[in-house]
Amino acid sequence: MTKSLSGKSLFAKAYQEEKFQWLFEFLPIAMWEEDMSVLVKLKRHLEEKSVVNIRNYLSTNSELVKKIFRNIKVLYVNRAALQLYGARSKEELQANFGKTFTKVAFDILIDEFASLLEGKQTFEAEFKSRTLAGRSRDVLLKVSVPERYQGSFARVIVILQDITDRKKLERSLRKRAQLDGLTNLLNHSAITQRLEEEISRAKRYHLNLSCFMTDLDHFKVINDKFGHQWGDRILKQVALLIRKSLRRVDIVGRYGGDEFLIILPETKPESAKVAAMRIKEVFESKVFKHRKGKPVKITISIGICGYPAPGLKEAQGMISRADQALYQAKKEGRNQI
């Protein structure tokens, strides 16, 4: 039998190659092999330009990045990769690969080029991509340069894992962690965080911002008289009434108990008062019915704070002032703003 120099038969070698080809072809994770030797030319270009910060340079030279990308050759593509992008062949995938790119994906490509040119053998990132039909997919990218091709980039292994379902679950869990279990509004920590974010935005872009704290008048009496179970049902209705009375851009959260914190982006205190008046009037005309048929009237008190204001710098400061205004509304007889 004919032998190779390693002592293995040519038949065994052929079988081994066929076996690994089969594994590559039917691996359930998208994988392909690329010839990225065009990066050698890019490296020389960067050296001639004496570029120190590769990422910054590539970020400001997007046409150069696109040119480099177009000259990368896809050598082998497995079935999972074609299925991920909805392509029928390697040629169709390569010819239309630009369609899969989002702005984030392009930024990731820049990071990938920079990492490989800096001498790293692997690169990993998560981002949103698109199929050839335009459907959005969350993917985990892993790029690996075998050691023998470290200088030439003639062979680079690319693995893409579809993590869309996992990211959906993560977003769902994160959203649940931010919501109040009773009213389905943002909870205490989430609404406070949103206010901090809105203050930062208002500072950066010199915008107005208002928030108000609301509190149901004599709600403890209602709880004591009708029970906490019915009180919880009232709070659900209250949350819905407040939400329906505001703009879509306004942000509502349950601050605690029967207190609600409302954030009104790009809104002056005078305009916030108009929104507060609308909510107050909704409650004045609303009759809550107990299961025994007893009508119950509930009024609401509101304290408003606006930004910018002297000495006001952070979320807790706005909340504190809105709370003081709410206390004043209570003190002046409730059902006040």
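Predicted, not measured: the structure shown is a model, and the values here were computed from it. (Residues numbered from 1 in each chain as written. Predicted model: local features only at pLDDT ≥ 70, side-chain atom pairs only at ≥ 80, totals over all residues. Heavy atoms only, no water.)

Chemist: What is the right way to read the side chain of S210 from this model?
Modeler: The residue S210 is located in strand 6 (residues 209-216) in this model. A polar atom in the side chain of S210 sits 2.8 Å from the backbone oxygen of T267. One polar contact links the side chain of S210 to the main-chain carbonyl oxygen of K268, over a distance of 3.5 Å. (Helix = DSSP H or I, 4+ residues; strand = E, 2+ residues; numbered from the N terminus. Polar contact = N/O pair within 3.5 Å; in protein donor to acceptor, adjacent residues only side chain to side chain.)

Chemist: Mind showing me how you'd approach the nonpolar core here?
Modeler: The nonpolar side chains of a soluble globular protein tend to be buried with one another. In this structure, W32, L39 and F113 are the most contacted members of the largest nonpolar core, which totals 44 residues. Counting residues per element, this core draws most heavily on helix 7 (residues 103-117), which supplies nine residues. If near-sequence neighbours (up to four positions away) are discounted, F113 is found in contact with M36, L39, L58, V65, I68, F69 and I72. Residues L235, I262, A272 and I302 belong to the second largest nonpolar core, which totals 28 residues. (Core = buried A, V, L, I, M, F, W, Y, C linked by side-chain atoms within 4.5 Å. Buried < 20%, exposed > 50% of the residue type's maximum accessible area, 1.4 Å probe, protein only. Contact = heavy atoms within 4.5 Å.)

Chemist: Sorry, what's going on with the side chain of T102 here?
Modeler: Turning to its location among the elements, T102 is positioned in the loop between helix 6 (90-95) and helix 7. Note on T102: relative accessible area 18%, which makes it buried. With near-sequence residues (within four places) excluded, T102 lies in contact with K128 and R130.

Chemist: Quick question: what am I supposed to make of the packing of aromatic side chains here?
Modeler: Think of a pair of aromatic rings as described by two things: how far the centres are apart, and how the planes are tilted against each other in angle. Tallied over the full model, the rule gives six aromatic pairs. Summarising the aromatic geometry, the rings of W32 and Y85 are spaced 6.3 Å apart at their centres and angled 55 degrees between planes, so their arrangement reads as tilted. Taken as a pair, W32 in strand 1 (residues 30-35) and Y85 in helix 5 (residues 79-85) lie far apart in primary sequence, 53 residues in all. Judged by its relative accessible area of 3%, W32 falls in the buried class. Judged by relative accessible area, which is 3%, Y85 ranks as buried. (Phe/Tyr/Trp six-rings, centres within 6.5 Å; stacked < 30°, edge-to-face > 60°.)

Chemist: What's the story with the sheet that holds strand 4 (residues 136-144) in this structure? I'm lost.
Modeler: Each strand in a sheet pairs with another by means of backbone hydrogen bonds, the pair being arranged parallel or else antiparallel. Across the sheet, five strands lie side by side as 2-1-5-4-3; this open sheet has antiparallel pairing. Two strands close off the open sheet at either side, each with one partner strand: strand 2 (73-77) and strand 3 (122-130). The sheet shows a mean angle of 30 degrees between the axes of neighbouring strands, taken without regard to direction. Along the sheet, helix 7 makes contact with strand 3 and strand 4, crossing strand 3 at roughly 165 degrees. Packed onto the sheet, helix 8 (residues 164-178) meets strand 3, strand 4 and strand 5 (156-162) and runs at close to 115 degrees relative to strand 4. (Pairing = 2+ DSSP bridges. Axes fitted to C-alpha atoms, helices over the stretch in contact; angles between N-to-C directions.)

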